[in-house]
Amino acid sequence: MFLPGLLIVVPLLAALLVFCIRSGGARNFITIIAAVATMALSVATAATYLGQPCFVSLPGELPSTVIMAVDIIVALAIFYYTMVKFKRCWIGLLELLQLAMILWFEHGAGHGIKVAADLAIDNFAVIMVLIAGIIGSLIAIFSNGYMEEFQKEHPEVEDRRPFFFFVIFLFLSAMFGLVLSNNLLFMYTFWEITSFSSFLLIGYTQTEEAINNSFKALWMNLLGGVAFAAAIVWLGVQYQTVELSALLKLGQGAKPVEMIVALLVFCGFTKAAMMPFSGWLLGAMVAPTPTSALLHSSTMVKAGVFLIIKLCPLLGVNHAGMMTMFVGGITFFFASCAAISQSDGKRVLAYSTISNLGLIVLCAGIGSYAAAWTAVMLVIFHAISKSLMFLSVGTAEQQLESRNIESFDGMFCALPNLARCMIIGICGMFLAPFGMLISKWAAMKSVADAGNPVLLLMLAFGSATTLFYWTKWLGKIAAYVPAEKSREPGIHGVQWLALKALSILTILACVAFPLLSQHGVTPYVSAIYNTTADVISRSNLLIMSVMAVLIVLLPLGFSAGQKQKMVVTNLAGENTGDNLSYRGVAGKTVQVSLRNWYLEDWFGEAKMQRYGFGLSLLCMILAFAMMGGGVFHV
Amino acid sequence: MCDMAVNIGNIVLGIAYLVLAPLIGGLLAGIDRKISARMQRRVGPPIMQPFYDVFKLWDKQPVAVNKAQRFYIRGFLLFAVLSGFFFFAHGDLLLVIFTLTIASVCFVIAAYASNSPYSQVGAERELAQTMAYEPMMLLVALGFYLHCGTFDAKEIVQSSAMNFIYMPGIFIGLCYILLIKFRKSPFDLSMSHEVHQELIQGALTEISGPTLAMIELAHWYENVLLLGFVYLFFTWSPVWSPVVGLAMCAFTYFSDIVVDNCCSRVKWEHMLSSAWVVTLVAGFANVAFLMYMR
Amino acid sequence: MSYITKSPWLVHYDGSSCNGCDIEVLACLTPLYDVERFGIVNTGNPKHADIFLVTGGVNTQNLPVVKQIYEQIPDPKVVIAVGTCACSGGVFHDCYNMLGGMDKAIPVDVYVPGCAARPESIIDGVVKGLAVLEEKQKAMAIPVKEKQALREKELEPGVAVNKSQEAGK
């Protein structure tokens, strides 16, 4: 049984079924079966290929023809939406440009190119498969319950759930194809499908804001697509190959492939919402939560960094590498600062995602063994924790009718289990001994070794600002405000399943960090760099695992100790007895209202955007100018 | 065999820290109060006063506003002790700093948990403090890594020359943020020790009795750990260098007491901006220099 | 050994006074009188305090506030009423909203008369209060069963406390 083929086909089949069969109950059933099947297939793929990387060549002309056909179908769909339905023709022109380049290439110069391996199944691809398979499936299951509530709460939104699930499964299928591809033409097609899926899902609610934001996402991603197409054409014409592995060999053999690499990296930037292309990710938050969780935090944006990480060995001290490093570092720092001034939960998560992706890109840009290891680790842990956070915030939004963090106080008492899931998610994002922190540790080491003081500063300051906004949020949830009744009954069983599974996964992945490193990531990085070393020493990793277990066991002693006498809090006047109000002047009762600090003067969004966009754009322009000068001079 | 001996030696040092740090920390706190009193031309409390305070607090009736506070403070104490233990026993600086971060997060969450206005403002200020000193703390560890090639405290104290000579900027930065970490004026915004008041007691407002004793204890452990960082700058391979290290620790602590008595509390904006400027100028210049040297 | 006498922290509250006694209380903290040498600290937070140092009298508005602050102070605690207003209402006794001295709201252990009470008297009162504190601490330490047995033998440990309350008046 050809597992990779099944991985692509099964979700595709599920997508078609879900679209054609309109009954809600049947759809739920199909979703769950498909999700479980996808999960099983991912695990099976991991079991088969982990530690045993291989290249697969697809025989005959059929695969390329199918890919070409899919390219044209997607392009036609995009033309329909941009030119016919919504009259944004210039975006359609971007797609036309891409399609023209690829078609010209396919029928012209690229026609005779022999492809040695269409698919590359190495450890990194397997890890991405696992991420998309397990997390993606859990989110699909979550969506069953969530979308039902969503449609109930938003009767003004047309119930297009069959379409929604169709796109979700289509996307999953494309994602699998993307991470397994070695043939850049294949990857390009799957890339386009993911961009298009994102566009469709962001516009789900069909409000004006949603439509505008979906087109913003589309043009930015298509811009990346143009760069991708240009890179393929250049590579094919100059070096007669369309394979990623061949590109890597060429680069490591000191051939001048820098510009091609830079174009591919640029494409990754747009998909991974690096500054100045971060606007689309923020705008994408209008989509229903499963979209944000699946596409815009754990999977699609990871495709962008996936490509950049794959190009790791070719980055480093050259222009492309410097551009990558600095754009990543700038994005990391400024996005993390901007998150401080946001109070909308999803916007904080969006900025946090952009920031962490920036960190991953920074590590990928450094291009050393340790940095590559770090980048992959960050991908894994960020995917797990961030999807958990998005699902939690989505669930909280439904129950509390607001996703503003200021309304999350009292969650600890009104929604205790959800609060616990959210706490695990937040801790998983920035606190030792969870995976993200260990990865940040390794990142610091790598940056120090790279010898770039500016980046080191950005990393240090960015870590501090990250701590601020996460702890602020954590504090808000932990605030003890007694609730009259629990609001949890409104949450569907499937939502709990996804939330709890992801929470357990966060903890397990952290405890099993040494194993993940030893069997998952290190073999991949060793193979590429022909060396092996412990980025973080075994003893330190062991200590972290023990601390993780400690943190998990600690809450068991929550009530242990002497019985405490409960008294009222100090308020600005006589406490009325319930800690929620006090008697102010003239005997008036005043409600206690507590609000976090947002430091808008310091970290306001507009200010951060100005600096971040400006600096990143400057880096990219300088890098391309220098490379361009070098290339065309020759 | 040699590894085993080293490991056992490490563990012994760690246990010594666990036992001795509260004593040293308490004595330091007592000396601090005595010197401050003398500077203000008063007699001041006996040096053992902090111990009396903690014992008294321990015997008080446990009073709380909710069940969660004590749990988070326990976490705070546990991780503060753990980070010090790591420093003296295992020695990886970044691990120590990260564990200390968990401890401060636990403390902030404890303050948030009570949902009282004074606690909340104290918590926000404590967070602002953490954001102010965190970059410099990381730069201290990274500075040592760049200079000595390792994060291991054991190896750093065995380096061939006094570390301070190559890292003066980082040391200045560390001294600046030590004022924040020791909770001394001008940076004692979030909670005030002993005689000072700020927003009632800031982050400590809703905490009482045995739980308060735990916080005091955690601060003693933390102070010893922080002085350990200072020690790293001034100790190197000669056998007599620990004397220099300890002397500089004492000198740093004494200077902090002097600054405490001379300065008044600043606003958080000033604290954040000045700490970051010091980090940028002193820390960055030093780090750039160290990277160039490599 | 009871550490509470070596480290008595106080919270000061002004009920309804002219602030004269408050200034005298603050004077105790100055280098001239320096109560910190006894370990006394003015914490201002009832949850951290052992001694509730009240000045001024009780009126209808501050009655629940005084009670609330008293409730928040963990055991063992003593209340020291400083100044004539705290003892009996003082010069404001006949005002329309005044209820009287502090003992109308909470049980007082030591009364320090004076208008305004001098720092020496205040310190003296605090020292007497420390003795009361020590007895309360001892009483707290006695396990519940023993207390019941003692009560049955009609030998309440609280008797000593009442005696010093009588003596202070």
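Here is a short report on the structure shown in this document. Keep in mind it's a predicted model, so treat the numbers as computed, not measured. For every chain, the first residue of the written sequence is number 1, and numbering continues from 1 onward in sequence order. A letter from A marks each chain and a number from 1 marks each ligand, given out in the order of writing. Note on the predicted model: pLDDT of at least 70 is required for a residue's local features to be given, and 80 or more for side-chain atom pairs to be given and counted; whole-chain, interface and lining totals, by contrast, use all residues. The basis for every side-chain value is the complete set of heavy atoms in the structure, and neither hydrogens nor water enter the calculation.

### A word on empty space enclosed by the protein
What counts here: Both site types are read off a 1 Å grid over the protein atoms alone. A 1.4 Å probe that fits but cannot get out defines a cavity, while an open set with protein on both sides within 12 Å along at least five of seven lines defines a pocket; lining residues have an atom within 4 Å of a point. Grid points are joined across faces, edges and corners, and a volume is the space filled by probe spheres set on the points. Secondary structure is summarised from DSSP: a helix means a run of H or I of at least four residues, a strand means a run of E of at least two, and numbering begins at the N terminus for each. Each residue receives one of three labels: charged for Asp, Glu, Lys and Arg, nonpolar for Ala, Val, Leu, Ile, Met, Phe, Trp, Tyr, Cys and Pro, and polar for the others, Gly being one of them.
Tallied over the full model, the rule gives seven cavities of 30 Å³ or more. Residue assignment for the lining of the second largest cavity shows that the elements contributing at least two residues are helix H19 (435–450) and helix H20 (453–478) of chain A together with helix H4 (93–113) and helix H5 (117–148) of chain B. Considered class by class, the residues forming the lining of the second largest cavity number eight nonpolar, three polar and two charged.

### As for the layout of surface pockets
There is about 900 Å³ of room inside the largest pocket. Taken together, 31 residues form the lining of the largest pocket, with Arg420, Ile423, Ile551 and Pro555 of chain A together with Phe71 of chain B sitting closest to its centre. Within the residue set of the lining of the largest pocket, elements represented by two or more residues are helix H17 (411–414), helix H18 (416–430), H20, helix H21 (493–511) and helix H23 (538–553) of chain A together with helix H3 (68–90) and H4 of chain B. Sort the elements by how many residues they give to the lining of the largest pocket and H18 of chain A lands first, with seven residues.

### Examining the interface of chain C and chain A
Definition in use: It only takes one pair of heavy atoms within 4.5 Å for two residues to be counted as in contact. Buried area, as used here, totals the accessible surface that two parts lose on assembly, with accessibility defined by a 1.4 Å probe and the loss added over both. Note on definitions: salt bridges are taken to be side-chain nitrogens of Lys or Arg within 4 Å of carboxyl oxygens of Asp or Glu. The definition of a polar contact used here is a pair of N or O atoms within 3.5 Å, where within protein one atom must be able to donate a hydrogen and the other to accept one, and adjacent residues in sequence count solely through side-chain atom pairs.
Across the boundary between the two partners, chain C contributes eight residues, which contact seven residues of chain A. Of the roughly 670 Å² buried between chain C and chain A on both sides combined, carbon and sulfur atoms contribute 41%. Of all residues in chain C, Lys47, Gln68 and Gln72 of chain C give up the largest surface area on contact with chain A, accounting jointly for 57% of the area buried on that side. If you look at where chain C meets chain A, you find one salt bridge. Across the pair Lys565 of chain A and Glu71 of chain C runs a salt bridge whose closest N-O atoms are separated by 3.8 Å. Across the contact surface, chain C and chain A share four residue pairs in polar contact (both at pLDDT 80 or more).

### Digging into the packing of helix H5 (residues 123–153) of chain A against helix H22 (residues 513–529) of chain A
All names here are of chain A. Stated precisely, the cut-off is as follows: Each axis is a line fitted through C-alpha atoms, and for a helix only the stretch in contact is used; angles between axes span 0 to 180 degrees, taken between their N-to-C directions. Each angle is binned into one of four classes, with values under 35 degrees roughly parallel, values over 145 roughly antiparallel, values of 65 to 115 roughly perpendicular, and all other values oblique.
Packing of H5 against H22 brings their axes to within 8 Å, and their N-to-C directions diverge by 140°. Comparing their axes, H22 and H5 come out oblique. Residues Asn123, Phe124 and Ile127 of H5 form the contact with H22, whose participating residues are His519, Gly520, Val521, Pro523 and Tyr524. Residues of the contact of H5 with H22, tallied by class, amount to five nonpolar, three polar and no charged.

### What about the pairing of strand E1 (residues 9–14) of chain C?
All names here are of chain C. The condition that has to hold: When DSSP finds at least two bridges between two strands, those strands are taken to pair. With the strands pointing away from the viewer, any crossover whose connection runs clockwise from the first strand over the helix to the second is right-handed.
Two strands pair when backbone bridges link them, and E1 and strand E2 (residues 41–42) are joined in this way by two bridges, in the parallel orientation. Pairing of Trp9 across the sheet is with Val41, part of E2. With respect to chirality, the unit in which E1 leads through helix H1 (residues 20–29) into the neighbouring parallel E2 is right-handed.

### What to know about the pattern of salt bridges
Quick note on the threshold: Per-residue accessibility, obtained with a 1.4 Å probe over protein chains only, is compared with the maximum for each type, and a residue is labelled buried under 20%, exposed over 50%, and partly exposed between these values.
Taken as a whole, this structure holds 25 salt bridges over all chains when the rule is applied. Among the ionic pairs, Glu406 of chain A bridges to Lys476 of chain A, the shortest N-O distance being 3.0 Å. Of this pair, Glu406 of chain A sits in the loop between helix H16 (369–400) and H17 while Lys476 of chain A sits in helix H20, and the two are 70 residues apart along the sequence. The residue Lys184 of chain B makes a salt bridge to Asp32 of chain B at a minimum N-O spacing of 2.6 Å. Linking Lys184 of chain B in the loop between helix H8 (168–181) and helix H9 (209–234) with Asp32 of chain B in helix H1 (residues 2–39), this pair joins segments that are 152 residues apart in sequence. Judged on exposure class, the residue Lys184 of chain B and its partner Asp32 of chain B are both buried.

### Section: the packing of helix H6 (residues 161–180) of chain A against helix H7 (residues 184–202) of chain A
Residue and element names in this part refer to chain A. What counts, and what does not: For any pair of crossing helices, the crossing counts as left-handed if the nearer helix is rotated counterclockwise from the farther one by less than a right angle, and right-handed if it is rotated clockwise.
Direction vectors running N to C along H6 and H7 enclose 155°, while the axes themselves pass 9 Å from each other. By the angle between their directions, the pair H6 and H7 is classed as roughly antiparallel. In the packing of H6 onto H7, the handedness of the crossing is left-handed. Contacts between H6 and H7 involve Phe163, Phe164, Val167, Ile168, Leu170, Phe171, Ala174, Met175, Gly177 and Leu178 from the first element and Met187, Phe190, Trp191, Ile193, Thr194, Ser197, Leu200 and Leu201 from the second. For the contact of H6 with H7, a count of residues per class yields 15 nonpolar, three polar and no charged.

### A short note on a nonpolar patch on the surface
All names here are of chain B. Cut-off, in case you're wondering: Patches were defined on residues exceeding 30% relative accessible area and lacking a salt bridge, with like-charge contacts within 9 Å and nonpolar side-chain contacts (Val, Leu, Ile, Met, Phe, Trp, Tyr) within 5 Å. In these tables, accessible area is a Shrake-Rupley quantity obtained with a 1.4 Å probe, and a residue counts as shielded only by the protein chains included in the view.
Nonpolar side chains collect at one region of the surface, where Ile11, Ile15, Val19, Leu20, Leu23 and Ile24 lie side by side and expose about 520 Å² of accessible area between them. Here Leu23 is to be found in helix H1. When its relative accessible area of 44% is taken as the criterion, Leu23 is described as partly exposed.

### Brief notes about the sheet that holds strand E3 (residues 51–55) of chain C
Residue and element names in this part refer to chain C. Pairing is parallel in the open sheet, where five strands are placed in the order E2-E1-E3-E5-E7. Each of the sheet's edge strands pairs with one partner strand only, and the pair in question is E2 and strand E7 (110–112). Across three bridges, strand E5 (residues 78–82) lies against E7 in parallel orientation. The residue of E7 that forms the bridge with Val82 is Val112. Against the sheet, H1 touches E1, E2, E3 and E5, its axis set at about 140° to E3. The strands that helix H4 (residues 119–141) touches are E3, E5 and E7; relative to E5, the one it contacts most, it runs at about 160°.

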